[in-house]
Amino acid sequence: MSQESEHGKWAVSSSEEEDGDKPSTSLPQQTGLSKGGEPSFPCSEARKAALKRKASPLKHQDGGFPQAPKQKSPPEEQGWCLSSSEDEEDTKGQKGKGDAGAGARPKEHRPALKEQGEGTHKPLQSQESSQAPQKVQDTWDLLDGENPFRFFLTKVKGIDAKYNLGALHIKDILSPLFGTLVSSAQFNYCIDLGWLVKQYPKEFREKPLLVVHGEKGESKAELQEEKGLYDNVRLCQAKLDIAFGTHHTKMMILQYEEGLRVVIHTANLIAEDWYQKTQGVWLSPLYPRLPAGASASDGESHTMFKSDLISYLMSYKSPALVKWAETIKQYDFSETRVYLLGSTPGRYQNNDKEKWGHLRLRKLLKDHAMQIPDQDSWPVIGQFSSIGSLGDDQSKWLCSEFRDSFTSLGNGRKAPTNHDIPIHLVYPTVENVRRSLEGYPAGGSLPYSIETAKKQLWLHAYFHKWSAETSGRSRAMPHIKTYMRASPDFQKIAWFLVTSANLSKAAWGGFEKNGTQLMIRSYELGVLFLPSEFGLNSGYFQVKESMFSDEPASSFPVPYDLPPEKYEGKDRPWIWNIPYTRAPDTNGNMWVPG
Ligand code: GNY
């Protein structure tokens, strides 16, 4: 069978079964089913396939890609983070760079991360530029008041150092400079436990670590076996009772001697996800412990983040997470300026409908977004790394329930008709991936399948390329997922969301029973930034134009270029399970899945 359209021409050999709701998770050469008939272990299988390809890459006849920069291949960090968690094998020529070695005390002259707004909670004024726009010197300056949003990208190996100045590696996040760890919880999808433990500084590697995952069957057994090597590690399997659901949530809860911190991000706990990809990280402030005898409602923020986080944790119905919820109750979250927006599997009706997924976003925007003149014409921009089955045409989900939620406005207002509100979708082209730092293997984390793509060619008309000159990450493929509402000239944004949620019904939810029920398959988590929480009464953030200009600190650092650039004639969305052999990638290789 062959399909051709303005947006794609592919040869498809077998006729796949058509499951209207099945997310696009078919693997290149799916290998059978487990006893229970569940699909076989997506994460570990995908990683094994990647390792196999890496071991025997298929060289393109033309050899290297024109400007192929020679680079070290293995994603092993070699002292390119600021943390003091140097590994035995990371030390080659890296000693004496000022980091504390194992067991040594952190730099005493550095405060353990000075907190923006701490104590004073002075709202940022839109026009305020009184703080001299001094050059950002290092991460510490950046955390110290230059970044009210606490929104970061992960460090990328192989780009100009200036683009990593405000970026964080996982070792930075887990560094003793952020706090003296007592206990932690890691929520994630794909977890390399041996690697994860090594990201903690040596002195914290034996502290209690709870790993919350969604693995079943054989890959769960693998994780359990690995866990056996560590006395301090406990596993919590998130229940996934609805078919094709996934535990996508990526969160760290870090309990310190000095307080508690929550990190909500987009990266899997594997080396490749922290190497050459664009990933987003939101760091909470350091939450102080409440005085003994504080009541349940104490330590709440205007955004209700604390109780929303507790509700999210309780949705797992796991004793280990009830304990973490009890711990959270003891801390003061009042400095939090973001809203928590999650998904948790279930079928929700009545009051519960607005707790999760796109209806939660709809409610937050209705209740808290401010009115802006002409906002009816402001486009919605969605940016993601995978795409589910969205139906036969746009009316089925994208331009109905999804658009209704993402175009919601303050004061419960609704655009008279939202039919003309543009939706721009940002997803990498084949050419984006081919020229990326990783080359075609970057496509192993962009699992849009041919089976899904061929059913929804209509969707590809909404697509825009990945471009990120502003953040220096045009060649670091996105695994971040973001959504925002921008002005028609793309200079302002009404809100910004960073999340684990891809463009899928499994993540955001889909109506059932004539819209009286929202059905969600997966766990997802993100944070929503609204201007009002940052002391802006204009109703919008100015978009930060460059990392190096003297813009007010209240400008929002959108991590990719605006306006988004449409796919051109020959552009195709990256599809991970078809071959690309016509042109070599960055490393002179082809892509032949399966
Ligand atoms: C989740 C991923 C479709 C499945 C097997 C998949 C493939 C490649 C990367 C994936 C990924 C996530 C995630 N599924 O990065 O949650 O981050």
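Whatever comes next refers back to the structure up there.
Read on for an overview of the structure. (Residues numbered from 1 in each chain as written. Predicted model: local features only at pLDDT ≥ 70, side-chain atom pairs only at ≥ 80, totals over all residues. Heavy atoms only, no water.)

1. Considerations on the packing of helix α8 (residues 357-368) against helix α9 (residues 398-406)
Okay, step 1: Two elements in contact, α8 and α9, have axes whose closest approach is 7 Å; the angle formed by their N-to-C orientations is 35°. For the pair formed by α8 and α9, the contact residues are H358, L359, L361, R362 and L365 on the first element and E401, D404, S405 and F406 on the second.
Okay, step 2: Considering only residue class, the contact of α8 with α9 consists of four nonpolar, two polar and three charged. (Axes fitted to C-alpha atoms, helices over the stretch in contact; angles between N-to-C directions. Helix = DSSP H or I, 4+ residues; strand = E, 2+ residues; numbered from the N terminus. Contact = heavy atoms within 4.5 Å. Nonpolar A, V, L, I, M, F, W, Y, C, P; charged D, E, K, R; others polar.)

2. Regarding the sheet that holds strand β5 (residues 209-213)
Okay, step 1: If you walk across this open sheet you meet the seven strands as β3-β9-β8-β7-β4-β5-β6, and the pairing is mixed. On the outer flanks of this sheet lie β3 (151-153) and β6 (233-237), each paired with one strand and no other. In this sheet, adjacent strand axes meet at a mean angle of 20° when their direction is disregarded.
Okay, step 2: Here strand β4 (residues 181-187) runs beside β5; their pairing, made up of four bridges, is parallel. Counted as the bridge partner of A185 is L210 from β5. (Pairing = 2+ DSSP bridges.)

3. Some details on α8
Okay, step 1: A rise of 1.5 Å per residue sets the reference length of α8, with its 12 residues, at 16 Å; its end C-alpha atoms lie 17 Å apart and thus fit the reference within 8%.
Okay, step 2: Among all positions in α8, only G357, H358, L359, R360, L361, R362, L364 and L365 are buried. (Expected span 1.5 Å × (residues − 1). Buried < 20%, exposed > 50% of the residue type's maximum accessible area, 1.4 Å probe, protein only.)

4. Structural notes on the sheet that holds strand β11 (residues 346-349)
Okay, step 1: Spatial strand order, β11-β18-β17: three strands in an open sheet with antiparallel pairing. Each end of this open sheet is capped by a strand with a single partner; those strands are β11 and β17 (510-512). Across the sheet, the mean angle separating the axes of adjacent strands is 35° when strand polarity is ignored.
Okay, step 2: Judged from the three bridges that link them, β17 and strand β18 (residues 517-520) form a sheet pairing that is antiparallel. The residue of β18 that forms the bridge with E512 is Q517.

5. Focus: the packing of aromatic side chains
Geometry of an aromatic ring pair is reported as the spacing of the ring centres plus the angle between the planes.
Okay, step 1: Within the structure shown, the criterion is met by 37 aromatic pairs.
Okay, step 2: Centre to centre, the rings of F402 and F406 are 4.0 Å apart; their planes meet at 25°, and the pair counts as stacked. Separated by four residues within a single helix, F402 and F406 lie in helix α9, roughly one turn from each other. The pair F402 / F406 is uniform in exposure class, with both members buried.
Okay, step 3: Members of the aromatic cluster, connected to one another through ring pairs, are F149, F151, F496, F529, F534, F541 and F556.
Okay, step 4: One cation-aromatic arrangement involves K492 over Y540; the distance from NZ or CZ to the ring centre is 5.3 Å. (Phe/Tyr/Trp six-rings, centres within 6.5 Å; stacked < 30°, edge-to-face > 60°. Lys NZ or Arg CZ within 6 Å of the ring centre and 35° of its normal.)

6. A few points about empty space enclosed by the protein
Okay, step 1: Inspection of the entire model under this criterion finds four cavities of 30 Å³ or more.
Okay, step 2: In this structure, the second largest cavity encloses a volume near 50 Å³.
Okay, step 3: In terms of lining, the second largest cavity is formed by L181, S184, V197, Y200, F204, R205, K207, P208, L209 and N232.
Okay, step 4: Of the residues that constitute the lining of the second largest cavity, the class distribution is six nonpolar, two polar and two charged. (1 Å grid on protein atoms, 1.4 Å probe; cavity = no way out; pocket = protein on both sides within 12 Å on 5 of 7 lines; lining within 4 Å. Points joined across faces, edges and corners; volume = space filled by probe spheres on them.)

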